[in-house]
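In case you want the letters, here they are:
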Amino acid sequence: MSCAALLDDKVRPKSMSRAKKWTDEVENLYRFQQAGYRDEVEYKRIKQVQIDRWPETGFVKKLERRDNTFYYYNRKRECEDKEVHKVKVYAY
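In short, a report on the structure. None of these values were measured; they are calculated from a predicted model.

Let's talk about the overall build of the protein
Next up, step 1: Helix and strand content of the protein: three helices and five strands.
Next up, step 2: In the protein, the succession of helices and strands from N to C terminus is α-β-α-α-β-β-β-β.
Next up, step 3: Here the protein has a C-alpha radius of gyration of 13 Å; the compact-globule value for 92 residues is 12 Å, and the two agree.
Next up, step 4: Based on the C-alpha atoms only, the size of the protein along its principal axes is roughly 35 × 30 × 25 Å.
Next up, step 5: Put simply, the protein has 92 residues, and 33% of those count as buried.
Next up, step 6: For the protein, contacts bridging at least 24 residues in sequence account for 60% of all contacts bridging at least 6.
Next up, step 7: About 6,200 Å² of surface is accessible on the protein, with carbon and sulfur atoms providing 48% of the total.
Next up, step 8: Seen as two clouds, the 22 positive and the 16 negative side-chain charges of the protein have centres 3 Å apart.

Topic: the environment of Arg75
Next up, step 1: Along the polypeptide, Arg75 turns up in the loop between strand E4 (70-72) and strand E5 (88-91).
Next up, step 2: Classification of Arg75 as partly exposed rests on a relative accessible area of 44%.
Next up, step 3: Linking Arg75 and Pro55, residues 20 residues apart in sequence, is a C-alpha distance of 8.9 Å.
Next up, step 4: Beyond its immediate stretch of four places on either side in the chain, Arg75 contacts Trp54, Glu56, Thr57 and Phe59.
Next up, step 5: Looking at Arg75, its side chain comes within polar contact range of the side chain of Glu56, at 3.3 Å.

Here we look at unusual backbone geometry
Next up, step 1: In the Ramachandran plot, Gln48 falls in the positive-phi region, its phi being about 50° despite a non-glycine side chain.
Next up, step 2: By the element assignment, Gln48 lies in the loop between helix H3 (40-47) and strand E2 (52-53).
Next up, step 3: Not every positive phi belongs to a glycine, and Asn68 is a case in point at roughly 65°.
Next up, step 4: Mapped onto the secondary structure, Asn68 falls in the loop between strand E3 (60-64) and E4.

A word on helix H2 (residues 24-34)
Next up, step 1: Considered for burial, the residues of H2 that qualify are Val26, Glu27, Asn28, Leu29, Tyr30, Arg31 and Phe32.
Next up, step 2: Elements in contact with the buried residues of H2: H3, E2, E3 and E5.
Next up, step 3: Following H2 by one or two positions, Gly36 adopts a phi angle in the positive range, close to 100°.

Reading the values: rules and limits
Residues numbered from 1 in each chain as written. Predicted model: local features only at pLDDT ≥ 70, side-chain atom pairs only at ≥ 80, totals over all residues. Heavy atoms only, no water. Helix = DSSP H or I, 4+ residues; strand = E, 2+ residues; numbered from the N terminus. Rg over C-alpha atoms; globule rule 2.2 N^0.38 Å. Buried < 20%, exposed > 50% of the residue type's maximum accessible area, 1.4 Å probe, protein only. Contact = heavy atoms within 4.5 Å. Areas by Shrake-Rupley, 256 points an atom, 1.4 Å probe, with all protein chains shown as cover. Lys, Arg positive; Asp, Glu negative; His and termini not counted. Charge placed at Lys NZ, Arg CZ, Asp CG, Glu CD. Polar contact = N/O pair within 3.5 Å; in protein donor to acceptor, adjacent residues only side chain to side chain.

What follows is the structure in structure tokens.
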């Protein structure tokens, strides 16, 4: 799916599954979902800003919540093994 199509308001995920094991993608999804967004696609569509990332790891560094407060994240992993199964992975 093209990037322009993903930014369209009408785009909805086709399916959802739960994460089974930790990966870099699951880590970033955990951070978006903790801030109240489904994933990076929804965050970009709503906030229309560039996402700050840690250069060493590529993990999300800072996210603005819907109430205009910020979440700041560490360079290292924050999604513990006991939290991995709570992360939703969406397919478009």
